[in-house]
Amino acid sequence: MIETKNLKKQFGSHVVLSDISETIEKGEKVVVIGPSGSGKSTFLRCLNLLEVPDGGEIWFEGKNILDSKNNINVLRRKMGMVFQQFNLFPHKTVKENITLAPIKLGVMNKAEAEAKAMELLKRVGLPEKADSYPKQLSGGQKQRIAIARALAMNPDVMLFDEPTSALDPEMVGEVLELMKELAADGMTMVVVTHEMGFAKEVGTRVLFMDQGRIMEQNTPEEFFNNPTNPRLKEFLSKVL
Amino acid sequence: MDAILNWFNQVGQSYYDAFITEHRYMFYLEGLRNTLLISFLALLIGAFLGILVAVIRFSTANIKGLHWIKSLCNLYVTIIRGTPVLLQLLIIYNLIFTARNTNEIIVAGICFGINSGAYVAEIVRAGIESIDKGQYEAGRSLGLNGNQTMFTIIMPQAIKNILPALGNEFIVLIKETSVASIIAITDLSKAAQFIGSRTYDVLPPLIIAAACYLIMVIGFTKLLHFIEGRMDQGDRN
């Protein structure tokens, strides 16, 4: 579904991604972990071109997204993204946040988009917040709305950029729970996170990134029980 | 006691002469009308130009080959902000609008609009930069293009943030139009000077004109507060 070939990115002289070649299949739940500055967020943000790589290729559903002939705006509709800082639109109500893109892009009419929004709000457990503004919500609620907003475009893959890192500890659970439900429904997911429990429970594959490279990857059991890379062993000994 | 009464009488008479005698209020009204026309035209042009320049500067920042547009915008802002509005008005009037039947009011409106646009551009730029980059990314990640994101997500928030600064700029603009008399426009200030030359008592008409400006600005400020209040919706806790 998503394939990167020799992906490169550097900020100035600092190499953030060096030669990342990776394939993500439909239905996979790929969890990316690694220390800060390892390039894992940059890798994720390259997948929908929020970060433009300096070299390499990215293929999504058979199309090279770096090819200017392929309209990135159309391709992005099929890649939902959830941010660490939620990035809800503060001047719009919760419902408007969810319906904005489908209506603006002509994917749905207003009635369809609102019906879809209410369905999604029920799914994330916040139907009573439809007419609230983001400021009136807790962090966990904001992130659940942000997930609903991304789902409104019926994406084929969901990208999560540290979705629980900005949350109070007691709100992490509700967001992870929602992500688990999403995974159980068969959504293809790429998740950058520090939640090792989530990686173990939900991930079908775990990647460890350090210094702009994927140092090791494996199924969750093998990854956590029999790590081989010394840097990964050190990392796991600190976080587990 | 008599002296005080006498003084009040005199002052009353001089203001009566400056405002009522020979229907002189008609001069103020004409001046006021011209001042309002110039201000309104300049405000529209200024807001349009300012937002346009700010958005162009923002959206062409990372596109190769379009750097010259950004440079052009920067040149505009630099020149306008670096020269006095009085000279800009004279230059535009003499250089560009040299036809005999030029409408001075429109010339003044355009000139003050071009002038104000440069300041509005800087204010709007600050407003756009005040919005978290994540808002832009969120819009783009949903599939909106750059302009859709700018005008449905960034601008509404930016305008709210810059409204006080924008209001300030427009208040300055209203008063600055008093310079327009240099190209033979009877604006409010000119009307006051004219009446002063007729009554040989310059002070009362000037004070009346000043009061008119004050009332206009107070009214405009009230309008701004009203709009700010309406835009606060999303911030209610």
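Basis of the calculations
- Residues numbered from 1 in each chain as written.
- Chains lettered and ligands numbered in written order.
- Predicted model: local features only at pLDDT ≥ 70, side-chain atom pairs only at ≥ 80, totals over all residues.
- Heavy atoms only, no water.
- UniProt positions renumbered as here; feature names shortened; annotations may be inferred.
- Contact = heavy atoms within 4.5 Å.
- Buried area = accessible area lost by both parts, 1.4 Å probe.
- Salt bridge = Lys/Arg side-chain N within 4 Å of Asp/Glu carboxyl O.
- Polar contact = N/O pair within 3.5 Å; in protein donor to acceptor, adjacent residues only side chain to side chain.
- Helix = DSSP H or I, 4+ residues; strand = E, 2+ residues; numbered from the N terminus.
- Core = buried A, V, L, I, M, F, W, Y, C linked by side-chain atoms within 4.5 Å.
- Buried < 20%, exposed > 50% of the residue type's maximum accessible area, 1.4 Å probe, protein only.
- Domains from an automatic or database assignment.
- Expected span 1.5 Å × (residues − 1).
- Bend = angle between axes of the 7 residues up to and from the residue.

The name an unreviewed UniProt entry gives chain B is Polar amino acid transport system permease protein, with Anaerocolumna xylanovorans DSM 12503 as the organism. Looking at the Subcellular location (unreviewed entry) heading of the UniProt record, one finds this comment for chain B: "Cell membrane". UniProt lists a comment for chain B under the heading Sequence similarities (unreviewed entry), and it reads "Belongs to the binding-protein-dependent transport system permease family. HisMQ subfamily."

In the annotation of an unreviewed UniProt entry, chain A is listed under the name Amino acid ABC transporter ATP-binding protein, PAAT family (TC 3.A.1.3.-) and assigned to Anaerocolumna xylanovorans DSM 12503. The UniProt entry for chain A carries this comment under Sequence similarities (unreviewed entry): "Belongs to the ABC transporter superfamily."

**Student:** Tell me what's going on with the interface of chain B and chain A, and back it up with residues and numbers.
**Tutor:** Taken residue by residue, the interface counts 23 residues in chain B and 25 residues in chain A. With both chains or domains summed, chain B and chain A bury close to 2,000 Å², and 58% of this area falls on carbon and sulfur atoms. For chain B, the biggest contributors to the area lost against chain A are B:E137, B:S141 and B:L142; these three give 28% of the whole. One can count one salt bridge joining chain B with chain A. A salt bridge links A:R45 to B:E137; the shortest N-O distance between them is 2.7 Å. Our count for the contact surface shared by chain B and chain A stands at six residue pairs in polar contact (both at pLDDT 80 or more). Among the elements of the structure, helix 6 (133–141) and helix 7 (146–176) of chain B are those that each provide at least two residues to the side of chain B that touches chain A. With eight residues, the single largest contributor to the side of chain B that touches chain A is helix 6 of chain B.

**Student:** If you had to explain the environment of A:N225 to someone new, which residues and values would you point to?
**Tutor:** Position of A:N225 relative to the elements: it lies in helix 8 (residues 220–225). A C-alpha to C-alpha distance of 48 Å links A:N225 and A:K104, two positions 121 residues apart in sequence.

**Student:** Could you give me a rundown of the nonpolar core, with the residues and numbers involved?
**Tutor:** By size, the foremost hydrophobic cluster in this structure holds 83 residues, and its most contacted members are A:I2, A:L47, A:F60, A:V157, A:V190, B:A108 and B:F112. In terms of residue count, helix 7 of chain B provides more of this core than any other element does, 13 residues in total. Each of domain 1 (1–39 + 156–239) and domain 2 (90–154) of chain A accounts for three or more of the residues forming this core. Excluding anything up to four places from it in sequence, A:L47 contacts A:I2, A:T4, A:I24, A:I58, A:I65, A:M79, A:L159 and A:V190.

**Student:** Talk me through the UniProt feature "domain: ABC transporter" (unreviewed entry) in chain A; I want residue IDs and the actual numbers.
**Tutor:** In this numbering, the UniProt entry assigns the feature "domain: ABC transporter" (unreviewed entry) to residues 2–236 of chain A. Helix makes up 37% of residues 2–236 of chain A and strand makes up 26%, while its end C-alpha atoms are separated by 28 Å.

**Student:** Can you lay out the UniProt feature "transmembrane region" (unreviewed entry) in chain B for me, pointing to particular residues and giving the numbers?
**Tutor:** Residue and element names in this part refer to chain B. In the numbering used here, UniProt assigns the feature "transmembrane region" (unreviewed entry) to residues 36–60, 72–96 and 206–227. Measuring from the first to the last C-alpha atom of residues 36–60 gives 35 Å, for a span that is 96% helix and 0% strand. Here residues 206–227 is 100% helix and 0% strand, with 32 Å between the C-alpha atoms at its ends.

**Student:** Before we move on, can you summarise helix 7 of chain B with the specific residues and values?
**Tutor:** Spacing of three or four residues puts side chains on the same side of an α-helix, whose turn is 3.6 residues. Residues and elements named next belong to chain B. Between its first and last C-alpha atoms helix 7 spans 36 Å; for 31 residues at 1.5 Å apiece the expected length is 45 Å, and the helix comes up short by more than 12%. In the structure, helix 7 departs most strongly from a straight axis at L163, where the bend amounts to approximately 55 degrees and where the proline P164 lies between one and four residues downstream. Its side-chain oxygen 3.1 Å from the backbone nitrogen of N147, N145 forms the N-cap of helix 7.

**Student:** Describe helix 6 of chain B, with residues and values.
**Tutor:** For helix 6 of chain B, the tally of buried residues reaches seven of nine residues, placing the bulk of the element in the interior. Buried within helix 6 of chain B we find B:G134, B:Q135, B:E137, B:A138, B:G139, B:R140 and B:S141. Contacts from the buried residues of helix 6 of chain B go to helix 1 (40–47), helix 2 (72–76), strand 6 (79–82) and helix 5 (139–151) of chain A together with helix 7 of chain B. The N-cap residue of helix 6 of chain B is B:D132: its side-chain oxygen and the backbone nitrogen of B:G134 are 3.0 Å apart. Count one or two residues on from helix 6 of chain B and you reach B:G143, which has phi positive near 105 degrees.

**Student:** Hey, could you go over the side chain of B:S189 for me, with residue numbers and the actual values?
**Tutor:** Residue and element names in this part refer to chain B. Relative to the helices and strands, S189 resides in helix 8 (residues 188–199). A residue is classified by how much of its surface remains accessible, and S189, at 17% relative accessible area, is buried. Leaving out residues up to four positions away in the same chain, S189 has contacts with S178 and Y213.

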